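So you can see what is in the structure, the chains are spelled out below.
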Amino acid sequence: MREQKKTVAGAVERIFLILFGSLLIIVTGICVQKPQHNLIPTRMIAFTLVWLIILYLGRCILGFVAGWIKHRKKEKLLDVLLVVFFLMWALLLFLTGCTARCYPHTDFENVYRAADALARKQEVDNWVYFSRWTNNRFPMLFLSGLLCAGYHMGFEDAYYFVLAYQVIHIVITAACLYHLAGSNKTEMSLTNSLTVLMLLFLFTPVWGNVAFFYTDQLSFGYSIIAYTFVSEAIKGRYTPYAKYALLIAGGVLWAIAFQIKVTTAIPLMAIAVAVIIRKKYVKQLKALLVFVLAFLLTFAIGTMRVKVLPCEANVERDSDPILYWVALGLHGDGSHAANEDFAILCEAAGSKTEREYIVKEKLRREWRQFFDSDHIIAKIRCNFACGDVGASGYMRFPYKEGNIVYELISWDGKFFWKYACLSTSYLFALFLLTAIGAFRGAFGNKMNFTTMTAYVTVIGIMLFLMLWEAQNKQLFNQTGWILLAACHGLLTMGTPKKCFVGRNKK
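Residues numbered from 1 in each chain as written. Predicted model: local features only at pLDDT ≥ 70, side-chain atom pairs only at ≥ 80, totals over all residues. Heavy atoms only, no water.

Engineer: Quick question: what am I supposed to make of the overall build of the chain here?
Structural biologist: Of regular secondary structure, the chain possesses 24 helices and zero strands. Relative to its length of 506 residues, the chain is compact, with a C-alpha radius of gyration of 23 Å against a globular reference of 23 Å. With the C-alpha coordinates of the chain rotated into their principal frame, the extents come out at 75 × 55 × 55 Å. When the accessible surface of the chain is split by element, carbon and sulfur atoms take 66% of a total near 23,500 Å². A gap of 17 Å separates the mean positions of the 52 positive and 33 negative side-chain charges of the chain. (Helix = DSSP H or I, 4+ residues; strand = E, 2+ residues; numbered from the N terminus. Rg over C-alpha atoms; globule rule 2.2 N^0.38 Å. Areas by Shrake-Rupley, 256 points an atom, 1.4 Å probe, with all protein chains shown as cover. Lys, Arg positive; Asp, Glu negative; His and termini not counted. Charge placed at Lys NZ, Arg CZ, Asp CG, Glu CD.)

Below, the structure is given as structure tokens:
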């Protein structure tokens, strides 16, 4: 009976991976045919192939380095080099953030302005904004806490304190990815860890988004860090006190991330799916209750804090129903620009009840759009045919004109087209690597629980964006999971024997 259940679970996993790999190939093909920013399809194909070759060669070199370190027993040297690498990376990120600083605008402007006023204990003049856009209330409070800490530490401009936090946050995420990628303790573990660092280092949106503190940036990596704490806690390596401390820390971090950006719940749901498929960690459910309780308690505290804000009095009148975001993505490519008339109509409505009626009517009339091939293809391209992942949208009004980061990443920059070519083809390469890993996983190449979670997370965020308003920037806080999935694909590709750890022995 047990063997039969394993066979069924294995078949379900195989079918899922084949379908997912096929979906990624189709999505990438659609995106390559018509990338955003009027990029030339043939050049995108060429750039994507070049990226695949570069990443494959990089993986081979890192495999050789990992084999040399293991053979020569140079683990202490590796630790020193990693510390130096993380410190240098942090410094470069901080300098990039200083150079790329821009005046906030649109939603980020409202969030930053209110957060800064609260931190300075001044009057907030835009509570009306938060009465309608209730999803930005907790991010504003969180950013206000960071700015307040910066001012109390003596910063005249607390932006630089938040930037330092953001840099440390990215580096910790990188360290967690390094740990997760090598957590199997196989002969390829070190190669895995070094490869995922390479993928993150080359992912240009990390550099482009470091200077901004909106929901996507603030929630970046939190699910990866929280997952690392939880996965370590349930391995049984620690004392009971340390174990529960890790579980509590994981619950607190994930609840904060969830309140900053709701899409950070997608990896949580992916874990549940992976548990069902793999039947793993079922015996740890009692321990995971500590994580759940910490999550719920933190969420409750955050909710109570939000409820006492002055904007709360008008939320019932001004806010949008949850289905607003689904209806907003129904026309054209699913973007706000393509549905501006609908957005204006909802904004002009006098109450939430009126908006609910408008939204329901739109869904009733246009629900067939969910299955319209032209709409699906346009929405796929809006969501996934751009490797910029939101950075350019924030970089509009620079503090210093003519800086190289602005010229590369801003839509108005002199070199934006070249940057868009590199970043978009890199994203396509990641999609193809993930597809390769899915097919290899379906036909015999084993993947661990973390990798399976990463694959389910990637399909989760893709489905979410196809249902919701189309926003390419929402991929950013799922970066860690995308890279873990792509890393697995890269490591399943054939490699010269000398690049395998442990094969270069005398």
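Engineer: For this particular structure, what's the right way to read the side chain of Gln478?
Structural biologist: The residue Gln478 is located in the loop between helix H23 (449–467) and helix H24 (479–491) in this model. What makes Gln478 buried here is its relative accessible area of 1%. Apart from residues no more than four positions distant in its own chain, Gln478 is found in contact with Thr263, Thr264, Ile266, Pro267, Thr457 and Ile461. (Buried < 20%, exposed > 50% of the residue type's maximum accessible area, 1.4 Å probe, protein only. Contact = heavy atoms within 4.5 Å.)

Engineer: Mind showing me how you'd approach H23 here?
Structural biologist: Within an α-helix, residues lying three or four positions from one another point in the same direction, as the helix has 3.6 residues per turn. In this model, H23 (19 residues) spans 27 Å end to end at C-alpha, consistent with the 27 Å of a helix rising 1.5 Å per residue. Extensive coverage of H23 is indicated by the burial of 15 of its 19 residues. One side-chain oxygen of the residue at the start of H23 lies 3.3 Å from the amide nitrogen of Thr450, identifying that residue as Asn448. (Expected span 1.5 Å × (residues − 1). Polar contact = N/O pair within 3.5 Å; in protein donor to acceptor, adjacent residues only side chain to side chain.)

Engineer: For this particular structure, what's the right way to read the packing of aromatic side chains?
Structural biologist: For any pair of aromatic rings, the description consists of the separation of the ring centres together with the inter-plane angle of the planes. Per the stated rule, a full pass over the model turns up 37 aromatic pairs. Judged by centre distance (6.2 Å) and plane angle (85°), the rings of Phe108 and Tyr394 are edge-to-face. Taken together, the residues Phe108 in helix H4 (residues 106–119) and Tyr394 in helix H20 (residues 391–394) connect sequence positions 286 residues apart. Owing to a relative accessible area of 4%, Phe108 belongs among the buried residues under this scheme. (Phe/Tyr/Trp six-rings, centres within 6.5 Å; stacked < 30°, edge-to-face > 60°.)

Engineer: Hey, could you run me through the pattern of salt bridges in this one?
Structural biologist: Side chains that differ in charge, positive against negative, can pair when their charged atoms come close. In the structure shown here, the tally under the stated rule is 13 salt bridges. A salt bridge links Arg132 to Asp320, with the shortest nitrogen-to-oxygen separation between them at 3.0 Å. Linking Arg132 in helix H5 (residues 127–132) with Asp320 in the loop between helix H15 (315–318) and helix H16 (324–328), this pair joins segments that are 188 residues apart in sequence. Judged by relative accessible area, which is 12%, Asp320 ranks as buried. (Salt bridge = Lys/Arg side-chain N within 4 Å of Asp/Glu carboxyl O.)

Engineer: What am I meant to see in a nonpolar patch on the surface here?
Structural biologist: A contiguous nonpolar surface patch, about 550 Å² in accessible area, is contributed by Ile61, Phe64, Val65, Trp68, Leu77 and Leu81. Sorting the residues of the nonpolar patch by element identifies helix H2 (41–72) and helix H3 (75–100) as the ones contributing at least two each. By secondary structure assignment, the location of Trp68 is in helix H2. Of the residues examined, Trp68 reaches a relative accessible area of 34% and is grouped as partly exposed. (Patch = residues over 30% accessible without salt bridge, like charges linked within 9 Å, V, L, I, M, F, W, Y side chains within 5 Å.)

Engineer: Where do I start with helix H8 (residues 189–201) in this structure?
Structural biologist: With 13 residues, H8 extends 19 Å between its outermost C-alpha atoms, agreeing within 8% with the 18 Å of an ideal straight helix rising 1.5 Å per residue. Counting buried residues in H8 gives twelve out of 13 residues, a clear majority hidden from the surface. Where H8 is concerned, the buried positions are Ser189, Leu190, Thr191, Asn192, Ser193, Leu194, Thr195, Val196, Leu197, Met198, Leu199 and Leu200. The inward-facing, buried residues of H8 contact H2, H3, helix H7 (159–181), helix H9 (204–209), helix H22 (416–442) and H24.

Engineer: Help me understand the packing of H3 against H7 in this model?
Structural biologist: For any two helices packed against each other, one specifies the crossing angle of their axes together with the interaxial distance. With their axes 9 Å apart at the nearest point, H3 and H7 run at an angle of 145° to one another. As for the relative orientation of H3 and H7, their crossing is right-handed in sense. Mapping the contact onto sequence places Leu78, Leu82, Phe86, Trp89, Ala90, Leu93, Phe94, Gly97 and Cys98 in H3 and Tyr159, Tyr160, Leu163, Ala164, Val167, Ile170, Val171, Ala174, Ala175 and Tyr178 in H7. (Axes fitted to C-alpha atoms, helices over the stretch in contact; angles between N-to-C directions. Left-handed = near helix turned anticlockwise from the far one by under 90°.)

Engineer: What is the right way to read the state of the cysteines from this model?
Structural biologist: Disulfide: a covalent bond connecting the sulfur atoms of a pair of cysteines. Considering all chains together, one arrives at zero disulfides under this definition. In this structure Cys148 is a free cysteine whose sulfur lies 19 Å from that of Cys311, the closest cysteine sulfur available. For Cys148, a relative accessible area of 22% translates into the label partly exposed. Its sulfur unpaired, Cys382 is 9.1 Å from the next cysteine sulfur, which belongs to Cys386. (Disulfide = S-S within 2.5 Å.)

Everything listed here is a matter of geometry and, on its own, says nothing about what the molecule does.
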